[in-house]
Amino acid sequence: MMSEKLKIGISACVLGQGVRFDSGHKRSSFCVDQLSEFVDFKPVCPEVAIGLPIPRPSIRQIIKDGVIKVSRPDGSGDVTEKLKMFGQQSASHYGDLAGFIFCAKSPSCGMERVKVHHHHGKGSEATGVGVFAEQVMALNPLLPCEENGRLHDPVIRENFMTRIFTYQKWLDMKSQGLTKHKLIVFHSAHKYLVMSHHVESYRDLGRLLARADIELEPLADAYISGLMQALKNKASRRSHTNTLQHIQGYFKRQLDGIQRKELNDEIAAYHQGISPLLVPLTLINHYLKLFPNDYLQQQVYLNPHPKELKLRYGY
């Protein structure tokens, strides 16, 4: 059973807290106005946490002789090691988090494409990773992570929400005591979700659980690692269509000719980009009420995240 609310780490400025160098913020309306209904946010500003004041001189990543440091533009006030140590200390306490939302482009919190400036002041490359974010991701490799800016993309947003709600289900199951039976039931419920993201992983995870030569703990570790890696692949219209067609097969005997054509037409319309994913899924859920199927009704794919977030409306 899932916890009432997920625990999500988040850069404090993304929640609207005025902790940036200029006392400003990077408030995310999606996080504050929509996601907060389902999430308990754990905000952190690593720059403030290591003792930098508000407001404060700006800091940046600067490379010299192949070494990247985080300091003021003139090279003074090096906080690289402080940020690194704070990241390591914080990461060790994030085992109960279902995900983390970082502030993009930040020298401390950016996940990728952070500007790395040349020490002589001429030019930069967007090749860096925020020092704090790097430690959190390295020490929590299963943790779903995303940046505030990328969450504007509907496909990336839906993918991240799918990962955090799935990971929370895993954390909840583990907290109640893991058994081989529970692991198999968990996988059974997530089969079509995995298929929609990465069909090869769908097969690989099934083969993994069929093995009898692996003890429960390493088996579970290998399984969740494979599952979270699979879900990083963004589901496409093609992969969704393949999954929908597999589900469609369960209704062959129950539906009459008109109903079969209606479902087939809606799946085809989605595949062609004419209608959003929500349309064939709504029809499938409708038919499931008319013709109950225990196996399909347990499939997370049909409802991987709260409907209120409206994540399958736009694509």
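Residues numbered from 1 in each chain as written. Predicted model: local features only at pLDDT ≥ 70, side-chain atom pairs only at ≥ 80, totals over all residues. Heavy atoms only, no water.

Asker: Describe the overall build of the protein chain, listing the residues and the values that go with them.
Answerer: A count of helices and strands for the protein chain gives 12 helices and eight strands. Considering only residue pairs separated by 6 or more positions, the protein chain has 67% of its internal contacts joining residues 24 or more positions apart. Just so you have it, the protein chain exposes about 15600 Å², and 51% of that area is on carbon and sulfur atoms. Averaging the coordinates of the 40 positive side-chain charges in the protein chain and doing the same for the 31 negative ones gives two points 2 Å apart. (Helix = DSSP H or I, 4+ residues; strand = E, 2+ residues; numbered from the N terminus. Contact = heavy atoms within 4.5 Å. Areas by Shrake-Rupley, 256 points an atom, 1.4 Å probe, with all protein chains shown as cover. Lys, Arg positive; Asp, Glu negative; His and termini not counted. Charge placed at Lys NZ, Arg CZ, Asp CG, Glu CD.)

Asker: Describe the environment of Y192, with residues and values.
Answerer: Looking at the secondary structure, you find Y192 in helix α6 (residues 180-197). Classification of Y192 as buried rests on a relative accessible area of 4%. Note: C-alpha distance between Y192 and L281 (89 residues apart in sequence) is 13 Å. Among all residues touching Y192, those that are not within four sequence positions of it are T243, H246, I247, Y250, Y295, L296, Q299 and Y301. (Buried < 20%, exposed > 50% of the residue type's maximum accessible area, 1.4 Å probe, protein only.)

Asker: Which residues make up the layout of surface pockets, and what values do they have?
Answerer: Empty space within the largest pocket amounts to approximately 750 Å³. Contributing to the lining of the largest pocket are 35 residues, with R20, A104, K105, S106 and P107 lying nearest its centre. Mapped by element, the contributors of at least two residues to the lining of the largest pocket are α2 (46-49), β3 (60-64) and β6 (114-118). Sorting elements by how many residues they give to the lining of the largest pocket places β6 first, with three residues. (1 Å grid on protein atoms, 1.4 Å probe; cavity = no way out; pocket = protein on both sides within 12 Å on 5 of 7 lines; lining within 4 Å. Points joined across faces, edges and corners; volume = space filled by probe spheres on them.)

Asker: Describe the packing of α6 against helix α7 (residues 199-210), listing the residues and the values that go with them.
Answerer: The contact between α6 and α7 brings their axes to 8 Å, and the two run at 165 degrees. Put simply, α6 runs roughly antiparallel to α7. With respect to the hand of their crossing, α6 and α7 are arranged in left-handed fashion. Mapping the contact onto sequence places K180, L183, I184, H187, K191, V194, M195 and H197 in α6 and V199, S201, Y202, L205, G206 and L209 in α7. For the contact of α6 with α7, the per-class residue count stands at eight nonpolar, four polar and two charged. (Axes fitted to C-alpha atoms, helices over the stretch in contact; angles between N-to-C directions. Parallel < 35°, antiparallel > 145°, perpendicular 65-115°, else oblique. Left-handed = near helix turned anticlockwise from the far one by under 90°. Nonpolar A, V, L, I, M, F, W, Y, C, P; charged D, E, K, R; others polar.)

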